[in-house]
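The lines below spell out each chain.
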Amino acid sequence: MEKINAVITGIGGYVPDYVLNNQELSRMVDTNDEWIMTRVGIKERRILTEEGIGTSYMARKAAKQLLKKTGVDPDTIDAIIVATSTADYKFPSTASIVLGKLGLKNAFAFDMWSACCGFIYTLDTAASMIQSGRYKKIIVIGADKMSSVVDYTDRSTCALFGDGAAAVLVEGTTEDVGLKDSYFRSDGHGLPFLHLKAGGSVCPASHFTVDHRLHYLYQEGRTVFRYAVTSMSNDCALIAERNGLNKDNIRFVVPHQANIRIIEAVAKRLELPMEQVMVNIEHFGNTSAATIPLALWENESKLKKGDNLIFTAFGAGFVHGASYYKWGYDGSTVEQG
Ligand code: ACO
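From a predicted model like this one, the values you see are computed outputs, not experimental measurements.

What counts and how
- Residues numbered from 1 in each chain as written.
- Predicted model: local features only at pLDDT ≥ 70, side-chain atom pairs only at ≥ 80, totals over all residues.
- Heavy atoms only, no water.
- Near = heavy atom within 4 Å.
- Polar contact = N/O pair within 3.5 Å; in protein donor to acceptor, adjacent residues only side chain to side chain.
- Areas by Shrake-Rupley, 256 points an atom, 1.4 Å probe, with all protein chains shown as cover.
- Helix = DSSP H or I, 4+ residues; strand = E, 2+ residues; numbered from the N terminus.
- UniProt positions renumbered as here; feature names shortened; annotations may be inferred.
- Pairing = 2+ DSSP bridges.
- Axes fitted to C-alpha atoms, helices over the stretch in contact; angles between N-to-C directions.
- Contact = heavy atoms within 4.5 Å.
- Buried < 20%, exposed > 50% of the residue type's maximum accessible area, 1.4 Å probe, protein only.
- Domains from an automatic or database assignment.
- Buried area = accessible area lost by both parts, 1.4 Å probe.
- Salt bridge = Lys/Arg side-chain N within 4 Å of Asp/Glu carboxyl O.
- Nonpolar A, V, L, I, M, F, W, Y, C, P; charged D, E, K, R; others polar.

Visitor: What am I meant to see in the site of the ligand here?
Guide: Taken together, the neighbourhood of the ligand is formed by 25 residues, with T31, R39, R155, R222 and N259 sitting nearest. Contacts to the ligand include R39, whose side-chain N or O atom sits 2.6 Å from an oxygen atom. Between the ligand and G221, the relevant distance is 3.0 Å, taken from an oxygen atom to a main-chain nitrogen or oxygen of the residue. Considering the ligand on its own, with 1000 Å² of exposed area, one finds that the protein chains cover 77% of that surface. Listed by contribution, the elements that provide at least two residues to the shell around the ligand are α2 (33-39), α6 (155-158), α8 (221-242), α9 (260-269) and β12 (308-315).

Below, the structure is given as structure tokens:
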């Protein structure tokens, strides 16, 4: 039997209309455009401001665009997996809500919770499911409403994050394209440096947790920065070396977008010019599980069949890793939905 490879056959994306720029942020906390641009590289981020809607709203919008662009019959979708850290509810899963809204009849749904590595871990999982031969079409979505866990009185974190979602369709092929290799590791020592203290089973919501602002993301930025640079650079170097990839045959590195200085350090380690690195941090900020698929969505028209890509991410946990991916279609021929 021929080997089945798992390949992305389409992308949809969604970002909210509201733009929160550095000028507006500097009226909310003691910060300024120059500090944010030089230390982080973010000019503006999108925020889902409407009350009563959450991550599933953006995930559904992205998936709807994906269905329209690919023309795939929704009844042939086997599974939908949402990578997120900002689920609509503790339960049910965000993926089950998206599935219901899309009216998928023959699919099952679950969430993957791996912070900023959510998309690359989920893509790898979906690829294994496809390669097993048991599933034919899986929708993978990276979606986060980071504004729901950001403290807009804390200048050290509120400039960093934004909201967004992007969805890809993963299918089987016997062509030599798709997900080729992954190197993933998690270092459980990351908990003290990046977490959200309350609302989980250790510290359920109470008047105390609300009064002490414990429902917001907490980060020791410098430590996280150091780990992120080392991990993403090493992971990319390893995946490049074991697959014979270098600056001459890598078309793009698609890194998680947490800080432009982290992205530049990864590019430097691979000796890649920044033209070969996808960057969307300036206008979207860190959308956690959505950064990598959003970058693919925005740059779809530049991608050609056979292009070698490296995806890499780092996030709370500490989770990290890199994947080698060979792009499967000419993006310039796709009609944008
Ligand atoms: N505006 C102005 N000054 C600020 C701001 C701001 N928005 N934020 C912090 N500062 C100040 C600090 O108070 C500090 O002042 P001090 O020296 O008087 O105490 C000074 O700037 C330096 O602060 P640092 O925290 O050392 O700044 P750093 O250069 O490390 O940048 C940042 C902070 C942007 C958070 C950086 O450390 C970073 O990007 N870390 C990694 C983020 C990341 O990768 N996260 C992982 C993914 S997220 C996830 O998984 C959900």
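There's plenty left to go through after this.
Visitor: Looking at this model, I keep getting lost on the UniProt feature "domain: Beta-ketoacyl-[acyl-carrier-protein] synthase III N-terminal" (unreviewed entry) in the chain. Mind explaining?
Guide: Per the UniProt record, "domain: Beta-ketoacyl-[acyl-carrier-protein] synthase III N-terminal" (unreviewed entry) is found at residues 110-188. For the annotated span residues 110-188, helix accounts for 23% and strand for 41% of the residues, and the straight-line distance between the end C-alpha atoms is 23 Å.

Visitor: For this particular structure, what's the right way to read the sheet that holds β12?
Guide: Two strands in a sheet stick together by hydrogen bonds in their backbones, pointing the same way (parallel) or opposite ways (antiparallel). Across the sheet, which stays open at both edges, the four strands sit in the order β8-β13-β12-β11 with mixed pairing between neighbours. The sheet terminates laterally at β8 (178-186) and β11 (252-255), the two strands that pair on one side only. Taken pair by pair, the neighbouring strands of this sheet meet at an average axis angle of 15°, ignoring direction. Here α8 sits on the sheet and contacts β8, β11, β12 and β13 (319-326); the angle it forms with β12, its principal contact strand, is near 150°.

Visitor: Teacher, can you tell me more about the pairing of strand β7 (residues 163-173) here?
Guide: Within a regular strand, the side chains alternate between the two sheet faces. Among the eleven residues in β7, ten count as buried, and that is most of the element. With nine bridges joining them, strand β1 (residues 5-14) and β7 adopt antiparallel strand pairing. By the bridge assignment, G13 is partnered in β7 with A166. Where strand β6 (residues 137-145) meets β7, nine bridges bridge the pair, whose relative direction is antiparallel. Its bridge partner being in β7, K145 is matched across the sheet by D163.

Visitor: How do you make sense of the UniProt feature "domain: Beta-ketoacyl-[acyl-carrier-protein] synthase III C-terminal" (unreviewed entry) in the chain when you look at a structure like this?
Guide: In the UniProt entry, the feature "domain: Beta-ketoacyl-[acyl-carrier-protein] synthase III C-terminal" (unreviewed entry) is given for residues 241-327. Between the end C-alpha atoms of residues 241-327 there is a gap of 19 Å, over a span that is 28% helix and 23% strand.

Visitor: Hey, could you run me through the domain arrangement of the chain in this one?
Guide: Quite often, the size of an interface is put as the accessible area lost when its parts meet. In terms of domain boundaries, the chain breaks down into domain 1 (5-176) and domain 2 (180-333). The C-alpha centroid of domain 2 is placed 14 Å from the C-alpha centroid of domain 1. At the junction of the two partners, domain 1 supplies 54 residues and domain 2 supplies 51 residues. Contact between domain 1 and domain 2 buries roughly 4000 Å² in total, counting both sides, with carbon and sulfur atoms accounting for 62%. Connecting domain 1 to domain 2 are four salt bridges. Across the pair K180 and D176 runs a salt bridge, and its minimum N-O distance is 2.3 Å. Looking at the side of domain 1 that touches domain 2, the element that brings in the most residues is β1, giving nine residues. Across the side of domain 1 that touches domain 2, the residue classes tally to 25 nonpolar, 16 polar and 13 charged.

Visitor: Please explain unusual backbone geometry as it appears in this structure.
Guide: With glycine set apart, most residues show a phi of negative sign, and most peptide bonds adopt trans. With an omega of 5°, the peptide bond running from F91 to P92 counts as cis. With respect to the helices and strands, the residue P92 is situated in the loop between β4 (79-83) and α4 (94-102). Residues G317 and F318 are joined by a peptide bond in cis, for which omega reads -10°. As for its placement among the helices and strands, F318 is situated in the loop between β12 and β13. At R213, a position not held by glycine, the phi torsion is positive, near 55°. The partly exposed category is assigned to R213, whose relative accessible area is 42%.

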